[in-house]
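For reference, the chains in residue letters:
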Amino acid sequence: MKCVTVDFDKCTGLGICESLAPDFFEVNDDGELLVLKEEIGDEELQEVEEAVAGCPTEALKIVER
């Protein structure tokens, strides 16, 4: 199973991931990233891969669990 992980030490809360994968990420009013869903289905993989690639601080990763 593929899952998305966040290195919160690197995350700056820009929200690029939220705009690319809104089912997985949300930046709250305090600028903190919330992970709405960790497990990635096959039909969602491309969306999450784009969010990971679009993260300027490289805080996001897809891992196999």
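Just above, that's the structure.
The notes below deal with the structure included here. (Residues numbered from 1 in each chain as written. Predicted model: local features only at pLDDT ≥ 70, side-chain atom pairs only at ≥ 80, totals over all residues. Heavy atoms only, no water.)

1. Considerations on the environment of Phe8
Argument step 1. Within the secondary structure, Phe8 sits in the loop between β1 (2-6) and α1 (16-20).
Argument step 2. A sequence separation of 24 residues divides Phe8 from Glu32, and the C-alpha atoms of the two residues are 9.0 Å apart.
Argument step 3. Beyond its immediate stretch of four places on either side in the chain, Phe8 contacts Leu33 and Val35. (Helix = DSSP H or I, 4+ residues; strand = E, 2+ residues; numbered from the N terminus. Contact = heavy atoms within 4.5 Å.)

2. Overview of the packing of aromatic side chains
Argument step 1. Applying the stated criterion to the full structure yields 1 aromatic pair.
Argument step 2. Ring centres of Phe24 and Phe25 lie 6.4 Å apart, and the angle between their planes is 45 degrees; this geometry places the pair in the tilted category. The residues Phe24 and Phe25 share a single accessibility class, namely buried. (Phe/Tyr/Trp six-rings, centres within 6.5 Å; stacked < 30°, edge-to-face > 60°. Buried < 20%, exposed > 50% of the residue type's maximum accessible area, 1.4 Å probe, protein only.)

3. Notes on the sheet that holds strand β5 (residues 60-64)
Argument step 1. Taken in spatial order, the 3 strands make up an open sheet running β4-β1-β5, and their pairing is antiparallel. Each end of this open sheet is capped by a strand with a single partner; those strands are β4 (39-40) and β5.
Argument step 2. Of the strand pairs in this sheet, β1 and β4 are connected by 2 bridges, and their pairing is antiparallel. Bridging across to β4, Cys3 finds its partner in Glu39. (Pairing = 2+ DSSP bridges.)

4. Quick notes on unusual backbone geometry
Argument step 1. Of note in the backbone geometry, Glu58 takes a positive phi value of approximately 55 degrees without being a glycine.
Argument step 2. Following the sequence through the fold, Glu58 ends up in the loop between α2 (45-54) and β5.

5. Examining empty space enclosed by the protein
Argument step 1. One pass over the full model with this rule turns up 1 cavity of 30 Å³ or more.
Argument step 2. By volume, the largest cavity amounts to about 110 Å³.
Argument step 3. Lining the largest cavity are 14 residues, and of these Cys11, Leu14, Gly15, Cys17 and Cys55 sit closest to its centre.
Argument step 4. When its residues are assigned to classes, the lining of the largest cavity shows 10 nonpolar, 4 polar and no charged. (1 Å grid on protein atoms, 1.4 Å probe; cavity = no way out; pocket = protein on both sides within 12 Å on 5 of 7 lines; lining within 4 Å. Points joined across faces, edges and corners; volume = space filled by probe spheres on them. Nonpolar A, V, L, I, M, F, W, Y, C, P; charged D, E, K, R; others polar.)

6. Examining the pattern of salt bridges
Argument step 1. Applying the stated criterion across every chain yields a total of 3 salt bridges.
Argument step 2. Its salt-bridge partner being Glu64, residue Lys2 comes within 3.3 Å of it at the nearest N-O pair. Highlighted residues: Lys2 in strand β1 and Glu64 in strand β5, separated in sequence by 62 residues.
Argument step 3. Judged by its relative accessible area of 32%, Lys2 falls in the partly exposed class.
Argument step 4. Judged by its relative accessible area of 56%, Glu64 falls in the exposed class.
Argument step 5. Residue Lys37 pairs with Glu44 through a salt bridge whose shortest N-O separation is 2.4 Å. (Salt bridge = Lys/Arg side-chain N within 4 Å of Asp/Glu carboxyl O.)

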